[in-house]
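# Observations on the model geometry
Single-letter residue listing:
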Amino acid sequence: MSDTRSPQVLPTRKPTQHLERYSEADVPTARGVLRTIVFRDKRNGREHVALVVGEPAGLDGVPVRIHSECLTSEVFGSLKCDCREQLDRALDFVTQNGLGVVLYLRQEGRGIGLGNKIKAYALQSKGLDTYEANRQLGFADDLRSYDVAAEMLRSLDVRSVDLITNNPLKIAGLVEEGVAVRRRIPSRTEHNPHNVDYLKTKRERTGHLIELFAEDDDTEAKAG
């Protein structure tokens, strides 16, 4: 008889209590109705959003996407990254499956903010990659944290997640905060001439599990 119990994870940090569950409403969208829950961070006033489909409370293996705000891509249509596509794919996935949560976190530019992100773009136009540009500005490669995401999931009473991500640091970040990650669901997007180097850099420098390059298939075919 198989063991269907939720995987148990002990947090390496004390669970945070920084959020106020501030407001909630059902919002009709092109994909259907999304239960929209706004959490306000009592430390800085930032408002993070949980978009909920179905009834995830008390369930294991809930599909979850932790998505950081990207104004340039999601609103202005920038082609320098694949953030908008990843958000769209995640929303498609949870709505088509009738269950899931997309956490939208206000962490623009991997946590450096919009103004510094545009400064980084200017440096990238001079030949620096995305991480070199951050360092030139005095920032670490990635300033994002996942304590807020973990607290939101606890508030929603999600027992364990199937995480929609290419980023192993998100998996590690959630586990560190005591959230059980049952499995990873790849987030596949298409590349374009403006973001292909950015995506390659993420894969090569920080271990992103990106599966979108035609040359990968060619290499595997030659190796086989």
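Given the structure is predicted, the values throughout are model-derived calculations rather than measurements. (Residues numbered from 1 in each chain as written. Predicted model: local features only at pLDDT ≥ 70, side-chain atom pairs only at ≥ 80, totals over all residues. Heavy atoms only, no water.)

## Some remarks on the side chain of S160
Using the following cut-off: Helix and strand definitions follow DSSP, with helices as H or I runs of at least four residues and strands as E runs of at least two, each counted in order from the N terminus. In this scheme, a residue with accessible area under 20% of its type's maximum is buried, one over 50% is exposed, and one in between is partly exposed, where area comes from a 1.4 Å probe on protein chains only. Whenever a nitrogen or oxygen atom comes within 3.5 Å of another N or O atom, the pair is scored as a polar contact, on the condition that within protein one atom can donate a hydrogen and the other can accept it, and that pairs from neighbouring residues in sequence are kept only if both atoms are in side chains.
Here S160 lies in strand β6 (residues 160-164). Judged by relative accessible area, S160 falls into the buried class, the value being 0%. Polar side-chain contacts of S160 include one of 2.9 Å to the backbone nitrogen of G61.

## Things to note about the pairing of β6
For a regular strand, side chains alternate in direction, first toward one face of the sheet and then toward the other. Short version of the rule: When DSSP finds at least two bridges between two strands, those strands are taken to pair. The definition of a right-handed crossover adopted here requires that, viewed with the strands pointing away, the path from the first strand over the helix to the second runs clockwise.
β6 sits mainly inside the fold: 5 of its 5 residues count as buried. With burial as the criterion, each face of β6 is covered, one bearing S160, D162 and I164 and the other bearing V161 and L163. As defined by bridge partners, strand β4 (residues 62-68) adjoins β6 across 3 bridges and the pair is classed as parallel. Each residue of the ladder has a partner; that of P63, found in β6, is D162. As defined by bridge partners, β6 adjoins strand β7 (residues 180-185) across 5 bridges and the pair is classed as parallel. Within β7, the position partnered with V161 by the bridge is V181. Once you follow β6 into helix α6 (residues 168-176) and on to β7, the crossover reads as right-handed.

## Structural notes on the UniProt feature "active site" (unreviewed entry) in the protein chain
Counted only if it meets this: UniProt positions are given in the numbering used here, feature names are shortened, and annotations may be inferred rather than shown by experiment. We call two residues contacting when some pair of their heavy atoms lies within 4.5 Å.
Residues given the UniProt feature "active site" (unreviewed entry) here are D142 and R144. Among the secondary structure elements, R144 is positioned in the loop between α4 (130-136) and α5 (147-155). For R144, a relative accessible area of 17% corresponds to the buried category. Dropping the residues within four chain positions of it, R144 is found in contact with S68, Q107, R110, G111, N167 and K170.

## Things to note about the environment of P63
Tracing the chain through its elements places P63 in strand β4. On the basis of relative accessible area, P63 is assigned to the buried category, the value being 9%. Not counting the four nearest positions on each side in its chain, P63 is found in contact with F93, V94, L99, G100, V101, D162 and I164.

## Thoughts on the nonpolar core
Where we set the bar: In plain words, nonpolar cores are sets of buried Ala, Val, Leu, Ile, Met, Phe, Trp, Tyr and Cys residues tied together by side-chain atoms within 4.5 Å.
Core analysis: the largest hydrophobic core is formed by 24 residues, its most contacted members being A50, I66, L103, V161 and L174. Put simply, the parts of the chain that give this core at least two residues each are β2 (32-41), β3 (47-53), β4, β5 (100-105), α5 and β6. Excluding residues within four positions of it along the chain, I66 makes contact with L103, L105, Y146, A149, L163, K170 and L174. Counting 13 residues, the second-largest nonpolar core is a separate cluster that includes V49, L87, L91 and V94.

## Thoughts on the packing of aromatic side chains
Centre-to-centre distance and the angle between the planes together describe a pair of aromatic rings. The test is simple: Only Phe, Tyr and Trp rings are paired, with Trp represented by its six-membered ring, and only when their centres lie within 6.5 Å; those with planes under 30 degrees apart are stacked, over 60 edge-to-face, the remainder tilted. Only when the NZ of Lys or the CZ of Arg is both within 6 Å of the ring centre and within 35 degrees of the ring normal is a charge said to sit over the ring.
Evaluated as defined, the whole model comprises 0 aromatic pairs. Its guanidinium or amino end placed over the ring of Y22, R40 lies 3.8 Å from that ring's centre, counting from NZ or CZ. Over the ring of Y121 we find K80, and its NZ or CZ is 4.8 Å from the ring centre.

## Re helix α2 (residues 83-97)
We apply this condition: For a helix, the expected span equals 1.5 Å multiplied by the number of residues minus one. By definition, the arc is the one covered by directions from the helix axis to the C-beta atoms.
For α2, built from 15 residues, the straight-helix expectation of 21 Å at 1.5 Å per residue is met to within 8% by its first-to-last C-alpha distance of 21 Å. Among the residues of α2, those classed as buried are C83, Q86, L87, A90, L91 and V94. Down the axis of α2, the smallest arc covering the buried residues is 130°, so these residues share one side. Phi for G98, located one or two positions after α2, is positive at around 75°.

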